[in-house]
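Chain and residue survey
Below are the chains, spelled out letter by letter.
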Amino acid sequence: MKNSIAELIALVETKHNVQSITTRKFNKTFEIYPWIKAKVFHKMVLGKESLASKSTKSLLGQFKSLFYGTWNLFIRKYEVWAFTTSVERIKIEGKYTDKLFDRISSFSKCKFLIIEFQYFKKYPLRNIASQYVSSKALFLLSEEIYSRIFLRKTQIKNKAIIKEIEAALKCSVNADAIVKKNLAQYRMMKFWLKILPNPKYVFLTVSYNHYGYIRAFKEAGIPVVEFQHGVISENHQAYNYIAKLEPIQFPDVISVFGENENNYLNEQSNMPIQFANVVGRSIIDYYYNRAKENETIKSISVALQDGPIGNKTIAFLLAFNRHSKKKYNFKLVPRRTTEASYKKDFQLPDNFKFTKENIYHTISHCDINITAYSTVAVEALSLGKRSYLINIENKAKDVFLSILGNNPFVHFVDEPNELIELLSKHEKNPEKHEVNLSNDVNISANYKQNCINLLKSLENLNPKI
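In short, a report on the structure.

Here the focus is the overall build of the protein chain. A count of helices and strands for the protein chain gives 19 helices and 17 strands. At 22 Å, the protein chain has a C-alpha radius of gyration in line with the 23 Å of a compact globule built from 465 residues. Expressed as lengths along the three principal axes of its C-alpha atoms, the size of the protein chain is roughly 65 × 50 × 45 Å. Per-residue burial for the protein chain yields a buried fraction of 58% across its 465 residues. Contacts in the protein chain between residues at least 24 apart in sequence constitute 74% of all its contacts with a sequence separation of at least 6. When the accessible surface of the protein chain is totalled, it reaches about 20400 Å², and 51% of it is carbon and sulfur. Each charge class in the protein chain was averaged separately, 67 positive and 44 negative side chains, and the resulting centres sit 8 Å apart.

Take a look at the structure:
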């Protein structure tokens with residue numbers, strides 16, 4: 001039987017002295033195991049290394065983004081820098097809204113600067129909800145230049161342990177490139193903190209892409225708060241730690257959706273943060289209030305994922321559709337993979353429609369939701385909809401069984417005929433408030449007050465280094 005990610009993490013971190021994998025630079029020692037861990041497990045799961053491509057095209061794209069609000073970095077002092085990506089924006093009431101930070105900034109007295117990575121999507125400044133925003137390109141390009149000139153060679157102590165870990169996981173990553181990336185992040189952020197008015201706090205998403213930044217901020221006495229963007233559980237490599245590591249490059253606080261993640265981080269994981277804090281999910285509050293009441297199942301929202309999993313999801317649903325005699329209407333919501341790309345690989349019947357609406361709007365206007373292992377599986381419940389997970393390569397159960405397995409409105413399926421049988425039993429859909437309440441441990445209510453309480457708790461926070 002294939003080991004779960006949690007089991008593999010336990011195997012790696014109990015067998016190997018991962019704390020001893022270090023690099024020495026700038027008269028400092030850096031523990032680099034977290035840098036490698038995030039990438040090697042990602043590649044093991046998805047089959048592709050997550051280190052962003054440095055092609056001429058991608059660098060040109062960042063150069064073009066250099067002029068996207070970058071002046072906002074220099075014209076005023078902000079209490080909060082919030083690092084996010086343009087993928088987090090969805091269209092609400094005519095404006096592209098960052099679903100992590102725009103709402104908390106609207107009821108906080110702090111001045112927020114949204115610093116946005118624009119690799120996949122870019123929206124005109126006039127069409128976004130954020131008051132002050134800057135492209136991340138200035139930081140990224142300076143890091144690339146620094147890395148190419150000053151970090152041509154890296155020295156990794158106990159590199160043999162990395163090779164042993166790669167052998168155990170049966171995949172490998174470019175350790176030298178990963179080290180250069182994080183060292184360049186650190187060095188250049190130290191530089192920019194000398195040039196720019198320093199924030200009081202840094203908020204960010206995906207801390208495991210920002211280890212260099214986090215260390216630079218914490219050495220400058222700036223607390224760092226990560227806001228949950230996706231699944232946090234024992235089967236997410238970036239949050240499950242058995243080994244005890246230095247806190248210098250980890251966030252001080254992680255703001256999470258619900259009590260499940262809060263309990264996991266505070267009581268089970270050895271991730272060296274000061275505490276986790278429950279705030280909920282602003283986007284869920286907004287769309288739950290606008291979601292239609294549940295009816296007999298006719299329409300199904302499908303949250304697709306990129307790569308082979310997205311294609312396997314389509315193939316599964318096409319097989320299901322043949323057996324169910326086209327009984328249901330599917331509304332497909334892709335991520336970065338284009339509609340044209342899917343249609344190139346599949347001949348889709350007329351009851352499969354791609355929608356331009358965002359996933360939350362789509363779920364709230366459908367009767368149920370289906371996905372492989374997207375976080376949407378959790379969010380759909382708080383929107384009042386049953387959640388069906390296609391257990392491709394056992395990934396759905398790896399990610400969600402521990403947190404959703406006891407929910408009566410969550411259903412794991414391995415074969416199309418299982419889904420047919422389930423839907424025949426679920427002709428009478430529960431009321432949306434009943435489904436919503438079942439998921440309160442995963443996505444808490446009272447988002448606004450929770451955020452206000454979080455901001456107050458940060459006032460006396462000192463970065464743990």
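A separate point is the packing of aromatic side chains. This structure, assessed with the given rule, holds 31 aromatic pairs. Look at Phe30 and Tyr186: their rings are 5.2 Å apart centre to centre, the planes differ by 75°, and that puts the pair in the edge-to-face class. With Phe30 in strand E2 (residues 28-31) and Tyr186 in helix H8 (residues 175-195), the pair connects residues that are 156 residues apart, well separated along the chain. What makes Tyr186 buried here is its relative accessible area of 1%. Arranged with centres 6.1 Å apart and planes meeting at 90°, the rings of Phe320 and Phe330 form a pair that is edge-to-face. Pair noted here: Phe320 is in helix H12 (residues 308-323) and Phe330 is in strand E13 (residues 329-333), with a separation of 10 residues, a long-range link.

The description of two helices packed together rests on the angle between their axes and the distance between the axes. Following both chains from N to C, one finds H12 and helix H17 (residues 416-425) inclined at 55°, their axes separated by 9 Å at the closest point. As far as their axial angle goes, H17 and H12 are oblique. Considering only the axes of H12 and H17, their crossing is right-handed. In contact with Phe316, Ala319, Phe320 and His323 of H12, H17 contributes Pro416, Leu419, Ile420 and Leu423.

For the rest of this paragraph, the subject is the sheet that holds strand E14 (residues 352-354). By way of backbone hydrogen bonds, the strands of a sheet pair with one another, either parallel or antiparallel. The sheet built from six strands is open, its strands ordered E14-E13-E12-E15-E16-E17 with parallel pairing. Two strands in the sheet have a free side with no partner beyond their single neighbour: E14 and strand E17 (410-413). Geometrically, the sheet is characterised by an average inter-axis angle of 25° between neighbouring strands, direction not taken into account. Sheet topology places strand E15 (residues 368-371) next to strand E16 (residues 386-390); four bridges connect them, and they run parallel. Bridge pairing in E16 links Ile370 to Tyr388. Those strands touched by helix H16 (residues 395-404) are E16 and E17, and its axis lies near 155° from that of E17.

This part is about the sheet that holds strand E10 (residues 253-256). An order of E7-E6-E3-E8-E9-E10-E11 is seen for the seven strands of this open sheet, with the pairing classed as parallel. Two strands close off the open sheet at either side, each with one partner strand: strand E7 (133-135) and strand E11 (275-278). Strand-to-strand twist in this sheet, taken as the mean axis angle between neighbours without regard to direction, amounts to 25°. Summarising the sheet, strand E3 (residues 80-85) and strand E8 (residues 201-204) pair through four bridges and their orientation is parallel. Paired with Val80 across the bridge in E8 is Tyr201. Each of E10 and E11 is contacted by helix H10 (residues 259-267), which is oriented at about 170° to E11, the strand it contacts most.

Here the focus is the packing of helix H1 (residues 5-15) against helix H2 (residues 33-46). H2 packs onto H1 with a crossing angle of 140° between their chain directions and a minimal axis gap of 12 Å. Of the two elements, H1 crosses H2, and the hand of that crossing is right-handed. Contacts between H1 and H2 involve Ile5, Leu8, Ile9, Val12 and Glu13 from the former and Tyr33, Lys37, Phe41, Met44 and Val45 from the latter. Taken together, the residues of the contact of H1 with H2 break down into eight nonpolar, no polar and two charged.

In total, this model carries three cavities of 30 Å³ or more according to the counting rule given. Volume-wise, the largest cavity comes out at about 70 Å³. Every residue along the wall of the largest cavity is listed here: Lys99, Leu100, Phe227, Gln228, Ser255, Phe257, Val279, Gly280, Arg281, Ser282 and Tyr447. Broken down by class, the residue content of the lining of the largest cavity amounts to five nonpolar, four polar and two charged.

Our focus in this paragraph is the nonpolar core. Trp81, Phe83, Phe139, Met189, Phe217 and Leu265 are the most contacted members of the largest nonpolar core, which has 72 residues in total. The element contributing the most residues to this core is H8, with 10 residues. In terms of nonpolar packing, the next biggest core, distinct from the first, is built from 59 residues, Tyr288, Ile368, Phe400 and Leu404 among them.

Moving on: the pairing of strand E12 (residues 299-303). Within E12, five of the five residues are buried, which leaves the element mostly enclosed by the surrounding structure. Where burial is concerned, the two faces of E12 agree: the one with Ser299, Ser301 and Ala303 and the one with Ile300 and Val302 are both buried. Bridge analysis of E12 against E13 gives five bridges, and the strand direction is parallel. When the bridges of E13 are listed, Ile300 appears paired with Phe330. The sheet contact formed by E12 and E15 spans four bridges and is parallel. When the sheet's bridge partners are listed, Ser301 is paired in E15 with Asn369.

In this model, the second largest pocket occupies a volume close to 270 Å³. Along the walls of the second largest pocket sit 13 residues, with Ile92, Thr97, Arg103, Ile283 and Tyr286 positioned nearest its centre. Among the secondary structure elements, those contributing two or more residues to the lining of the second largest pocket are strand E5 (95-98), helix H5 (102-106) and helix H11 (282-288). Top contributing element to the lining of the second largest pocket by residue count: H11, with four residues.

Moving on, we get to the environment of Val410. When you line up the elements, Val410 lands in strand E17. Each C-alpha atom of the pair Val410 and Tyr388 lies 5.9 Å from the other, and the pair is 22 residues apart in sequence. Not counting residues up to four positions away in its chain, the partners in contact with Val410 are Leu381, Ser387, Leu389 and Leu404.

Definitions and limits used
- Residues numbered from 1 in each chain as written.
- Predicted model: local features only at pLDDT ≥ 70, side-chain atom pairs only at ≥ 80, totals over all residues.
- Heavy atoms only, no water.
- Helix = DSSP H or I, 4+ residues; strand = E, 2+ residues; numbered from the N terminus.
- Rg over C-alpha atoms; globule rule 2.2 N^0.38 Å.
- Buried < 20%, exposed > 50% of the residue type's maximum accessible area, 1.4 Å probe, protein only.
- Contact = heavy atoms within 4.5 Å.
- Areas by Shrake-Rupley, 256 points an atom, 1.4 Å probe, with all protein chains shown as cover.
- Lys, Arg positive; Asp, Glu negative; His and termini not counted.
- Charge placed at Lys NZ, Arg CZ, Asp CG, Glu CD.
- Phe/Tyr/Trp six-rings, centres within 6.5 Å; stacked < 30°, edge-to-face > 60°.
- Axes fitted to C-alpha atoms, helices over the stretch in contact; angles between N-to-C directions.
- Parallel < 35°, antiparallel > 145°, perpendicular 65-115°, else oblique.
- Left-handed = near helix turned anticlockwise from the far one by under 90°.
- Pairing = 2+ DSSP bridges.
- Nonpolar A, V, L, I, M, F, W, Y, C, P; charged D, E, K, R; others polar.
- 1 Å grid on protein atoms, 1.4 Å probe; cavity = no way out; pocket = protein on both sides within 12 Å on 5 of 7 lines; lining within 4 Å.
- Points joined across faces, edges and corners; volume = space filled by probe spheres on them.
- Core = buried A, V, L, I, M, F, W, Y, C linked by side-chain atoms within 4.5 Å.

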